[in-house]
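Single-letter residue listing:
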Amino acid sequence: MADTLPSEFDVIVIGTGLPESIIAAACSRSGQRVLHVDSRSYYGGNWASFSFSGILSWLKEYQENSDVVNESPAWQEQILENEEAIVLSRKDKTIQHVEVFCYASQDLHEDVEEAGALQKNHASVISESPTEAAHSAYLPSEDESLCTVSCEMPTEQTPSSDLETALEINDVEVTGEKEKHYDDKTCVKSASEEETSENVPTAEDTALPPKKNRITYSQIIKEGRRFNIDLVSKLLYSRGLLIDLLIKSNVSRYAEFKNITRILAFREGRVEQVPCSRADVFNSKQLTMVEKRMLMKFLTFCMEYEKHPDEYKAYEEITFSEYLKTQKLTPNLRYFVLHSIAMTSETACNTVDGLKATKNFLRCLGRYGNTPFLFPLYGQGELPQCFCRMCAVFGGIYCLRHSVQCLVVDKESRKCKAIIDQFGQRIISKHFLVEDSYFSENTCSHVQYRQISRSVLITDRSVLKMDSDQQISILTVPGEEPGTFAVRVIELCPSTMTCMKGTYLVHLTCTSSKTAREDLEPVVQKLFTPYTETEIENEEVEKPRLLWALYFNMRDSSDVSRNSYNDLPSNVYVCSGPDCGLGNDNAVKQAETLFQLICPNEDFCPPPPNPEDIIIDGDSLQSEASEFSVIPEANSEIPKESTSLRNPEEASQ
């Protein structure tokens, strides 16, 4: 592949995470020659999504801590006397403290043949020593190939690439008939409907209740392609920067989204639904009539709090939690506002930040549904790929499994002039964007990183059972002890195309204070119970049963200053990995800031021209007039599209 690559580009991007992919798309759209490389075999970096066998192969890679490619020893010979090299790391150290537990029963009569299958050891998993269980139930054997990711990810990650509708939102309440129609449309689920019905008993199989909820590990392996497990758990605010960018750039045509159907709260040991919209508030049976009026009055104030500075100026120095106490809200309302609307904790933010968060929540209500949030079908990993497709459409060149040995820096100008790749090829460029994890320890010796604690669970039912089993929920569990952080829980149902039928995929996230398991296991124990054979016959189990669990810590480099890195040339820009926040605003802001440094005065991801309006032959003035007439039309269509999606919900509010 190295022989066929051009030797010169305008921009070289190393890493395919969300910020890097947005920048690559923006640069390519503005006419820059872009080379986008990644040493991994999949798109997204720490923003990626995996099938079940894919996540096991990813885990094995980190366990072995092996290099992806072999180093070419010849690259040092290409460094001239007036040059020096910034060596890049070939080992990703952003993931730590990985622990895996399997609770689902293994049917010994079924052969598990899928690559990357984790063989369950009954004795070790249920042993009283969690550490032993983690190691013995850990990862695949060494003789199993790592090619699973590279073989599966292109098809696993791009099932929605043929979708033509822009920002299509699926119905939040999915009946059986609608679900079948949806499957036909995406051509994903209906193709193997018969196989699924054999592995997962349907609701009609009521004659054998024990089998109804019996999900084995072999079954999870066989249905592994139905899972899309995100490394980072986030949602999209319906009026957030990423949604606006997707619509503006028309990248939204590459993806589909579902509305988060409910906001949950965890109080006094039980999960309950939080009323969000005006209709939810007045229909709620949890609140008294007085509380409903108090809540509506306070939320109305939050929507325009800037116009009434006298109401909060005196409380700017105290926490938002203390401020809520001054507003004569009941403990019930204070809890809902603090943890489920502002989505903060007792000590995490001050009054102004809390009011901003509350206003942002309310501002996003009603655009696409009765909650402020959207989730991309097939997982968060679809989003970087959407922008990579846009980059490729405008001429960007992509190389996966293609590592970069070093950056070549001119000693006199102190600017980076080229890279040397794994094949020893020297590729020249004007600008270089590097994802943080690619820098070596020498470059990052003074950098202080935060950590994110993550857990991914597969469960057999929702944390809050309702008539519809197609619920997508977000739940905030406050920290119990001083110094501990609130845990964000996102529960995904099968209609999000992230898990097999009969299961739920649950993501837990918080800022790390210890290892991921130490931070998150107490919350897991509150909400779920481990799956055991003896409980299958008991249909009245209060908590959902836990089938499989993964814990890991992920590096958070989002707040690292560029000056913290040692001796970086001015034309080398650093992209951080995922942050701990719920939304994607940090990635979009970062991408736009770096793009303006590379292409000052250029529009950031403008709408693509309509092919019907492009004039190839003809007067140049007529061509210019046509071009200018296209862009306003594209901009004028986008609000109409959003309005058409928004009006029914807004009217109901």
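Presented here is an overview of the structure given in this document. (Residues numbered from 1 in each chain as written. Predicted model: local features only at pLDDT ≥ 70, side-chain atom pairs only at ≥ 80, totals over all residues. Heavy atoms only, no water.)

Another aspect to go through is the overall build of the protein. In terms of regular secondary structure, the protein is built from 19 helices and 24 strands. Counting all 653 residues of the protein, 56% fall into the buried class. Residue pairs in contact within the protein that sit at least 24 positions apart in sequence constitute 76% of those at least 6 positions apart. Of the roughly 28,500 Å² of accessible surface on the protein, a fraction of 49% belongs to carbon and sulfur atoms. (Helix = DSSP H or I, 4+ residues; strand = E, 2+ residues; numbered from the N terminus. Buried < 20%, exposed > 50% of the residue type's maximum accessible area, 1.4 Å probe, protein only. Contact = heavy atoms within 4.5 Å. Areas by Shrake-Rupley, 256 points an atom, 1.4 Å probe, with all protein chains shown as cover.)

Glancing now at the packing of aromatic side chains. Evaluation of the coordinates by the stated rule reveals 17 aromatic pairs. Ring plane angle 80° and centroid distance 6.1 Å describe the contact between phenylalanine 101 and tyrosine 551, whose orientation is recorded as edge-to-face. Of this pair, phenylalanine 101 sits in strand β5 (residues 95–102) while tyrosine 551 sits in strand β23 (residues 545–556), placing them 450 residues apart in sequence. Pair check on accessibility: phenylalanine 101 and tyrosine 551 agree, each one buried. Between the aromatic rings of phenylalanine 361 and phenylalanine 373, the centroid separation amounts to 6.1 Å while the plane-to-plane angle is 75°, which identifies the pairing as edge-to-face. Within this pair, whereas phenylalanine 361 is found in helix α15 (residues 351–364), its partner phenylalanine 373 is found in strand β12 (residues 373–376), the two being separated by 12 residues in sequence. (Phe/Tyr/Trp six-rings, centres within 6.5 Å; stacked < 30°, edge-to-face > 60°.)

Before going further, it helps to examine helix α10 (residues 241–249). Residues of α10 that are buried include every one of Leu242, Ile243, Leu245, Leu246, Ile247 and Ser249, and no others. Looking at the residues trailing α10, positive phi occurs at asparagine 250, about 65°.

If you walk through the whole model with that rule in mind, you get 8 cavities of 30 Å³ or more. The volume enclosed by the second largest cavity comes to roughly 60 Å³. Around the second largest cavity sit Thr16, Gly17, Glu20, Arg40, Gly44, Gly45, Asn46, Trp47, Glu435, Ser576, Gly577 and Pro578, which together line it. Of the residues that constitute the lining of the second largest cavity, the class distribution is 2 nonpolar, 7 polar and 3 charged. (1 Å grid on protein atoms, 1.4 Å probe; cavity = no way out; pocket = protein on both sides within 12 Å on 5 of 7 lines; lining within 4 Å. Points joined across faces, edges and corners; volume = space filled by probe spheres on them. Nonpolar A, V, L, I, M, F, W, Y, C, P; charged D, E, K, R; others polar.)

Before going further, it helps to examine the nonpolar core. Soluble globular proteins tend to pack their nonpolar side chains together in the buried interior. Residues Phe52, Ile55, Phe298, Phe320 and Trp548 are the most contacted members of the largest nonpolar core, which totals 102 residues. The leading source of residues in this core is β23, at 8 residues. Beyond its immediate chain neighbours, meaning those up to four positions away, phenylalanine 298 contacts Phe320, Tyr323, Leu324, Gln327, Leu329 and Val337. (Core = buried A, V, L, I, M, F, W, Y, C linked by side-chain atoms within 4.5 Å.)

A few words now on the packing of α10 against helix α18 (residues 585–598). Where α10 meets α18, the axes come as close as 8 Å, and the angle between the chain directions of the two elements is 55°. The angle between α10 and α18 falls in the class oblique. Two secondary-structure elements touch here, α10 through Leu241, Leu242 and Leu245 and α18 through Asp585, Val588 and Lys589. Tallied by class, the residues present in the contact of α10 with α18 amount to 4 nonpolar, no polar and 2 charged. (Axes fitted to C-alpha atoms, helices over the stretch in contact; angles between N-to-C directions. Parallel < 35°, antiparallel > 145°, perpendicular 65-115°, else oblique.)

What follows deals with α18. Between its first and last C-alpha atoms α18 spans 20 Å; for 14 residues at 1.5 Å apiece the expected length is 20 Å, and the two agree. Every buried residue of α18 is accounted for by Ala587, Val588, Gln590, Ala591, Leu594, Phe595 and Ile598. Along the long axis of α18, the arc covered by the buried residues comes to 165°, so they all point the same way. Residues Lys589 and Leu597 are exposed on α18 and point more than 90 degrees away from its buried face. (Expected span 1.5 Å × (residues − 1). Arc of directions from axis to C-beta.)

We now examine the pairing of β12. Burial along β12 is two-sided: the face carrying Phe373 and Phe375 and the face carrying Leu374 and Pro376 are both buried. Where strand β8 (residues 236–237) lies against β12, 2 bridges are found, and the strand directions are antiparallel. Paired with tyrosine 237 across the bridge in β12 is phenylalanine 373. (Pairing = 2+ DSSP bridges.)

So, on to the state of the cysteines. Any covalent bond linking the sulfur atoms of two cysteines counts as a disulfide. A complete count under the given rule lists 0 disulfides for this structure. This cysteine, cysteine 580, is not joined by any disulfide, and cysteine 510 carries the nearest cysteine sulfur, 6.6 Å off. Overall, the relative accessible area of 15% leaves cysteine 580 in the buried class. The cysteine cysteine 599 is free of any disulfide, with cysteine 27 supplying the nearest cysteine sulfur at 4.6 Å. (Disulfide = S-S within 2.5 Å.)

Turning our attention to the sheet that holds strand β4 (residues 83–87). Pairing between the strands of a sheet comes from backbone hydrogen bonds, and it takes one of two forms, parallel or antiparallel. Ordered by their spatial adjacency, 4 strands build an open sheet running β4-β14-β15-β16, and the pairing between neighbours is antiparallel. What marks the edges here is a single partner per strand, and that holds for β4 and β16 (426–428). Pairwise comparison of adjacent strand axes, ignoring direction, gives a mean angle of 30° for this sheet. Of the strand pairs in this sheet, β4 and strand β14 (residues 404–410) are connected by 5 bridges, and their pairing is antiparallel. Bridge assignment links valine 87 to a residue of β14, and that residue is cysteine 406.

Inspection of the secondary structure assignment puts threonine 476 in strand β19 (residues 473–477). Judged by its relative accessible area of 7%, threonine 476 falls in the buried class. A distance of 3.2 Å separates a polar side-chain atom of threonine 476 from the backbone oxygen of histidine 339. Setting aside chain neighbours within four positions, we find threonine 476 in contact with Leu264, Phe266, His339, Met343, Ala486 and Val487. (Polar contact = N/O pair within 3.5 Å; in protein donor to acceptor, adjacent residues only side chain to side chain.)

From the geometry alone we can't say anything about function, so treat these as descriptive.
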